[in-house]
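Structural overview
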Amino acid sequence: MNCWIVKSEPETYSWAAFVKEGGTGWTGVRNFAARLHLRAMKAGDAVFFYHSGGEKSAVGLARVKREFYPDPTAKEGDWSCVDLAPEKPLAKPVTLAQIKGDIILKDMILARQSRLSVSPVTKGQFERLLQLAETKI
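Residues numbered from 1 in each chain as written. Predicted model: local features only at pLDDT ≥ 70, side-chain atom pairs only at ≥ 80, totals over all residues. Heavy atoms only, no water.

1. Side note on the packing of aromatic side chains
- Applying the stated criterion to the full structure yields 8 aromatic pairs.
- Taking the centre distance of 5.5 Å and the plane angle of 70° together, the rings of Trp15 and Phe49 count as edge-to-face. Residue Trp15 is located in helix α1 (residues 15–21), and its partner Phe49 is located in strand β3 (residues 46–51); the two are separated by 34 residues in the primary sequence.
- When its relative accessible area of 10% is taken as the criterion, Trp15 is described as buried. (Phe/Tyr/Trp six-rings, centres within 6.5 Å; stacked < 30°, edge-to-face > 60°. Helix = DSSP H or I, 4+ residues; strand = E, 2+ residues; numbered from the N terminus. Buried < 20%, exposed > 50% of the residue type's maximum accessible area, 1.4 Å probe, protein only.)

This is how it looks when you write it as structure tokens:
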């Protein structure tokens, strides 16, 4: 199993909206590096849901339900999306400041390339995020 983190501004698409809908197609990604990450996702992979913008914190855990397929929102170009389903909220949000200040998490792509909307998370980073979030799976 691989692990990932996806970002969304809560004003645009929040964890609460994601949970209410029961899942979504993760569409609208228009960055080549993020597209590669979407295409590497496999059904069952764990995905942290991160609120960007003013909140800047991981708030929930989701799973990949459907592997990559053509993004129906793309007017042109070869863009992809995946289907995600919510699994559970994190007991405690994990802030970007915590991530950047943590010896295990400070090298996460999220901490170094803050504009990238989809990125991988190592197994060690995944376990550390869960520990800081006081969340068990």
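2. A word on the sheet that holds strand β2 (residues 24–25)
- The strand order across the open sheet formed by 6 strands is β2-β5-β4-β3-β1-β6, and the pairing between neighbours is mixed. Since the sheet does not close on itself, it has two edges, and those belong to β2 and β6 (118–121), each with one partner. (Pairing = 2+ DSSP bridges.)

Keep in mind these numbers describe shape, not what the thing actually does.
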